[in-house]
Structures are given as C-alpha cells and as structure tokens.
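Structural overview for review
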Amino acid sequence: MKKAELALREEIIARCKEMNASGINQGTSGNISVRFEDRMLISPSATPYDQMTPDMIASVGLDDTSGAYEGPLKPSTEWRFHQKLLRGRPDAGAVVHAHPTYCTTLAIARKEIPSCHYMVAAFGGNNVRCAGYATFGSEELSELAIEAMTDRTACLLANHGMIAIGENLAKAMWRAIELETIAKQYYLSLVIGGPVLLSDAAIDDTHRGFAGYGLQDSEADKKPKPRRRAPKKTPAKKK
C-alpha cells in the first residue's frame, strides 16, 4: 500500500472519531470518503470507529457502479452518493455524511436553511437545500442528493441528515461543523419569532469577500521553502 493511501485511510478513521467527539454524529451512522487516484476510499458499514483499522477501509472504483469493492468489510450503505459526488464534482476531494441534531431536525421538518447568516455563502449559494426523501442507501436517494448539491457544497437529506464536501477531508469536515452550527442558529431563531434574512446582494458581497477565507492550509504548507545557498568559495592559497 502506498504511503499516501495509508495516510488517507488513517485520516478517515481520525475524522470519523472527530465526528462523534464534535457532536455532529452518533454511533456509526455517519460515513466519510476521500478520492485516491481513480478510486474512492470509504468508511465501512456498521463498524465502530474506535475499532477501525486502515485495512478495514473499503476501496471502490469511481467508475464502477456495480457495488464491487476491495477490502474485508462492505463499504457504507451510502457509497452511491459518495461515489457520484467524487466522480462528478472536480471540487470534491472528500465527502462527509452525518446525522447532526439540528441539521437532522430541520431535515425532518423538510426545511432548507435560508440566508439567515452570512456563512450560508460558505456552501455555494444563498441557501442550503433539503433533498427529498428516499430510502437510505438507495439509488433514488443518491440522485436526490446530487440534485440538491448542484452548485452547492452541502445539503440536508429529508428525514435523514446532511452531506458536506471539500477539496480535502479537513475542509469537508470544517463545512460539516459549520453547517450544524448554522442549523442550530436558524432553529433557535425560529423559536423566538423567525430570522431576518439577508438579501441576495448581501450574500453576493459575502461570496466576493470569501476569496481566501475559511480553513487555511497548514502552517507547514504556508512556510516559504528555504533558499538553497550557493556554496562558499574557498579563497585560493597564495603560492
């Protein structure tokens, strides 16, 4: 196994544990995938995160819709929308699916998240849509999810949960946590009479201001590489 692949498998496990530690997921209901070359690495079905090992992560061809996989355990039952997003969205390097309390509460009520907060712009538009309902793991659900994710980086799934994507797993997780935060704020605003929504113009301003905003590259990535110094010339000895 390549070092790069092993690192991604280990990161999937770490982020699965982070989902539960952060409160955006419970039990084994969430699942995570990342793109690796022409394949998708995805968390296995119904496996406790603290018992996962790198070899348990399933590997699925991005163009193979048969359900075939490599690994000792079956991939998540939601592999279909993971695969569709990674195959069809060049901006998606990773997908996070979870059942956070407030996102799921709104999804149960079949409510989208409107422009109640400027951070809604972090998900690509002036709202976060709620996809229609279909049985978990079904082809129909994957189609509904893809439709709701058009020009967006997150969506709710009716009576189910949420999906967020990112260029890498860190950014997908960042969006998932941001989405649950906004869902909670929107829910609480409904309790006290309803939010005052921002205009499309205000959200457009936010989009323009978002250039370079959000989760940044690691400090190690940002540090300038040291210049290679020219070797010192040794002065010629006088004869």
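Within an unreviewed UniProt entry, the label attached to the protein reads Class II aldolase/adducin family protein, and the organism entered is Roseibium porphyridii.

A separate point is helix 4 (residues 139-148). Within the sequence span of helix 4, burial applies to Leu141, Ser142, Ala145 and Ala148. Buried residues of helix 4 fall within an arc of 125 degrees about the axis and therefore sit on the same side. What points out from helix 4, more than 90 degrees from its buried face, is the exposed set Glu140 and Glu147.

By the element assignment, threonine 153 lies in the loop between helix 4 and strand 6 (154-157). Polar side-chain contacts of threonine 153 include one of 3.3 Å to the backbone oxygen of alanine 122. Residues in contact with threonine 153, not counting those within four places in the same chain, are Arg89, Asp91, Ala122, Phe123, Gly124, Ile163, Ala164, Ile165 and Arg175.

In this section: the state of the cysteines. A covalent bond bridging the sulfur atoms of two cysteines is what the word disulfide describes. Per the stated rule, a full pass over the model turns up zero disulfides. Not engaged in a disulfide, the cysteine cysteine 130 finds its nearest cysteine sulfur in cysteine 155; these two sulfurs lie 7.9 Å apart.

Its place among the elements puts tyrosine 186 in helix 5 (residues 169-191). You can call tyrosine 186 buried: its relative accessible area is 9%. In sequence terms tyrosine 186 and histidine 117 are 69 residues apart; their C-alpha atoms lie 8.3 Å from each other. Discounting residues that sit within four places of it in the chain, tyrosine 186 has contacts with Leu106, Glu112, Ile113, Pro114, Cys116 and Pro195.

Bringing the packing of helix 1 (residues 3-22) against helix 5 into the picture now. Between helix 1 and helix 5, the least distance of the axes is 11 Å, while the angle of their chain directions is 15 degrees. Between helix 1 and helix 5, the angle falls in the class roughly parallel. Seen along the crossing, helix 1 lies across helix 5 with a hand that is right-handed. Judged by residue contacts, Glu11, Ile12, Arg15, Glu18, Met19 and Ser22 of helix 1 engage Leu169, Ala170, Met173 and Ile177 from helix 5.

Let us look at the environment of serine 45. With respect to the secondary-structure elements, serine 45 resides in the loop between strand 2 (39-42) and strand 3 (58-61). Residue class for serine 45 comes out partly exposed when judged on its relative accessible area of 24%. In sequence terms serine 45 and glycine 30 are 15 residues apart; their C-alpha atoms lie 9.4 Å from each other. Not counting the four nearest positions on each side in its chain, serine 45 is found in contact with Lys74, Pro75, Ser76 and Thr77.

For the structure shown, the criterion picks out 12 salt bridges. Between glutamate 18 and arginine 15 there is a salt bridge; the shortest N-O distance is 2.7 Å. Taken together, the residues glutamate 18 and arginine 15, both in helix 1 and three residues apart, mark about one turn of the helix. Residue classification places glutamate 18 among the partly exposed residues on the basis of a relative accessible area of 26%. The salt bridge partner of glutamate 167 is arginine 175, with a shortest N-O separation of 3.7 Å. Each member of the salt-bridge network shares a partner with another, and the members are Arg80, Lys84, Glu139 and Glu143.

All right, on to the pairing of strand 4 (residues 94-98) then. Judged by how many residues are buried, strand 4 sits mostly within the fold: five of five residues are covered. Residues Ala94, Val96 and Ala98 line one face of strand 4 and the alternating positions Val95 and His97 line the opposite face, and both faces are buried. Pairing between strand 1 (residues 31-36) and strand 4: four bridges, direction antiparallel. Bridge assignment links isoleucine 32 to a residue of strand 4, and that residue is valine 96. Relative to strand 7 (residues 161-166), strand 4 runs antiparallel, the two sharing five bridges. Within strand 7, the position partnered with valine 96 by the bridge is alanine 164.

Conventions we followed
Residues numbered from 1 in each chain as written. Predicted model: local features only at pLDDT ≥ 70, side-chain atom pairs only at ≥ 80, totals over all residues. Heavy atoms only, no water. Buried < 20%, exposed > 50% of the residue type's maximum accessible area, 1.4 Å probe, protein only. Helix = DSSP H or I, 4+ residues; strand = E, 2+ residues; numbered from the N terminus. Arc of directions from axis to C-beta. Polar contact = N/O pair within 3.5 Å; in protein donor to acceptor, adjacent residues only side chain to side chain. Contact = heavy atoms within 4.5 Å. Disulfide = S-S within 2.5 Å. Axes fitted to C-alpha atoms, helices over the stretch in contact; angles between N-to-C directions. Parallel < 35°, antiparallel > 145°, perpendicular 65-115°, else oblique. Left-handed = near helix turned anticlockwise from the far one by under 90°. Salt bridge = Lys/Arg side-chain N within 4 Å of Asp/Glu carboxyl O. Pairing = 2+ DSSP bridges.

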